[in-house]
Amino acid sequence: MLQYFYAYFIVLLLIGGRTYDELLAAAKIYVLSIVVICIHGIYLIHVLGETNTQFVSGSERFAGLMERENACAAIIALAIQVLLLLVSLRKLNRALALAAFSIMMYGLLLTGSNTGAIGCGIGIAVFLLFNLTWRRIALAAVLCLSMPLVAVMQVRDYLPAVFQKRVLSAVDTGDITQAGTFGHRFELIQEAIGQTGSTLLLGIGADQYRVSSSIRTPVHNIYLLLWTEGGLIAALGFVIMFMSLFGPALAAGRSRDGLPYAICILATLAAFLAMGNGITHMYGRFWPVPLLIPAVLAQAFVRRSQA
């Protein structure tokens with residue numbers, strides 16, 4: 001309880017009252033920190049060839065400082081949304097932004113996480129949807145038409161082996177069961193759905209799913225995990241807590257030149273809620289930060305505009 005209180009309340013107080021310029025600098029530092037983590041992962045895997053260590057799993061998947069592959073991928077995917085916000089605000093040099101984006105995307109590939117890849121794709125899609133222009137539509141059409149050429153050039157050979165094995169194999173075969181541990185996760189989800197009928201009000205207790213489960217593994221779905229361990233009220237409370245980010249988004253959207261902040265909040269929220277379907281728990285204090293940064297930036301922008 002203390003850890004959650006610190007992560008979801010104290011951290012908000014620490015950064016929520018800062019000035020706009022301070023928060024803008026914090027956002028840049030945050031993106032830089034994720035870039036450094038990705039560079040560290042590239043160095044460990046491609047230079048040192050590490051496996052089965054604190055930062056690289058036995059299957060050669062990058063886990064980073066989060067020490068969990070899916071969590072690492074999710075944090076990278078959410079940080080990319082902050083990067084896109086800085087670019088849309090023209091607060092970051094485009095060459096540096098492109099370099100940072102490339103490094104972060106490669107770090108995401110090294111995690112071999114389907115959850116992270118889906119979340120990242122959803123976030124970027126929301127950004128593009130709200131920023132459509134004829135020029136961007138033409139560029140997207142050219143990219144789509146050039147996909148056969150990319151296949152002929154065998155660009156996939158240059159992608160990380162773990163990404164090819166866990167993500168591309170499912171795309172090639174059209175069999176979703178080839179996407180990592182999908183079969184095992186689906187079995188856990190079915191088991192959790194069967195337990196929700198008896199946990200409508202009160203759950204079985206924090207971190208008790210692994211004890212009651214016949215598979216002895218927590219379900220890889222944060223909503224079902226909260227529903228079974230804390231009851232329906234806990235699951236709804238979790239969703240409502242993050243839906244409260246719509247407040248800063250609406251306030252920024254109504255302000256002049258505040259649309260990029262609203263788009264970033266929506267993109268981050270969409271990516272986060274989507275990735276919640278493949279994540280077991282969120283005990284780490286790093287989870288709220290990529291959600292809070294665009295929200296507090298939007299609030300600071302609104303305050304400055306009103307002043």
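Residues numbered from 1 in each chain as written. Predicted model: local features only at pLDDT ≥ 70, side-chain atom pairs only at ≥ 80, totals over all residues. Heavy atoms only, no water.

Engineer: Please explain unusual backbone geometry as it appears in this structure.
Structural biologist: Backbone geometry follows two general trends: most residues other than glycine have a negative phi, and most peptide bonds adopt the trans configuration. Although it is not a glycine, Asn52 sits at a positive phi angle of roughly 55 degrees. Within the element layout of this structure, Asn52 appears in the loop between α2 (20-48) and α3 (69-88). Taking relative accessible area as the criterion, Asn52 reaches 62% and is therefore assigned exposed. We note that Arg90 has phi near 60 degrees; this positive angle belongs to a residue other than glycine. Owing to a relative accessible area of 72%, Arg90 belongs among the exposed residues under this scheme. (Helix = DSSP H or I, 4+ residues; strand = E, 2+ residues; numbered from the N terminus. Buried < 20%, exposed > 50% of the residue type's maximum accessible area, 1.4 Å probe, protein only.)

Engineer: It is not clear to me how the environment of Leu109 should be interpreted in this structure. Could you clarify?
Structural biologist: Tracing the backbone shows Leu109 in helix α4 (residues 94-111). For the pair Leu109 and Ala73, spaced 36 residues apart in the sequence, the C-alpha separation amounts to 8.2 Å.

Engineer: Where do I start with the pattern of salt bridges in this structure?
Structural biologist: When their charged atoms lie close together, side chains carrying opposite charge are able to pair. Inspection of every chain in the model, using the stated rule, returns one salt bridge. Here Arg210 ties to Asp207 by a salt bridge, and the two come within 3.3 Å at their closest N and O atoms. Since its relative accessible area comes to 33%, Arg210 is described here as partly exposed. For Asp207, a relative accessible area of 32% corresponds to the partly exposed category. (Salt bridge = Lys/Arg side-chain N within 4 Å of Asp/Glu carboxyl O.)

Engineer: Sorry, what's going on with α2 here?
Structural biologist: Given 3.6 residues to a turn, an α-helix orients residues that are three or four positions apart in the same direction. Taking 1.5 Å per residue, 29 residues should reach 42 Å; α2 reaches 41 Å between its end C-alpha atoms and fits that length. Where α2 terminates, the next one or two residues include Gly49, which has phi positive at roughly 65 degrees. (Expected span 1.5 Å × (residues − 1).)

Engineer: When you look at helix α14 (residues 259-275) in this model, what are you seeing that I'm missing?
Structural biologist: Spanning 17 residues, α14 covers 24 Å between terminal C-alpha atoms, matching the ideal 24 Å at 1.5 Å per step. Within α14 the residues assigned to the buried category are Tyr261, Ala262, Ile263, Cys264, Ile265, Ala267, Thr268, Leu269, Ala271, Phe272 and Met275.

Engineer: Mind showing me how you'd approach the packing of α14 against helix α15 (residues 289-306) here?
Structural biologist: In a pair of packed helices, the angle between the axes and the distance between the axes together describe the arrangement. Orientation of α14 relative to α15, taken along the N-to-C sense of each, is 160 degrees, at an axis distance of 9 Å. It follows from the interaxial angle that α14 and α15 lie roughly antiparallel. Of the two elements, α14 crosses α15, and the hand of that crossing is left-handed. Taking contact as the criterion, the partners of Tyr261, Cys264, Ile265, Thr268 and Phe272 in α14 are, on α15, Pro290, Leu291, Pro294, Ala295, Leu297, Ala298 and Phe301. Along the lines of polarity and charge, the residues of the contact of α14 with α15 split into 11 nonpolar, one polar and no charged. (Axes fitted to C-alpha atoms, helices over the stretch in contact; angles between N-to-C directions. Parallel < 35°, antiparallel > 145°, perpendicular 65-115°, else oblique. Left-handed = near helix turned anticlockwise from the far one by under 90°. Contact = heavy atoms within 4.5 Å. Nonpolar A, V, L, I, M, F, W, Y, C, P; charged D, E, K, R; others polar.)

Engineer: Any chance you could explain the packing of α2 against α3 here in plain terms?
Structural biologist: For the pair α2 and α3, interaxial distance at closest approach is 10 Å and the crossing angle is 135 degrees. Here α3 runs oblique to α2, going by the angle between their axes. The crossing of α2 and α3 is left-handed. Residues Leu24, Ala27, Lys28, Tyr30, Val31, Ile34 and Cys38 of α2 touch α3, and the partners they reach there are Ile75, Ile76, Ala79, Val82, Leu83 and Leu86. Across the contact of α2 with α3, the residue classes tally to 12 nonpolar, no polar and one charged.

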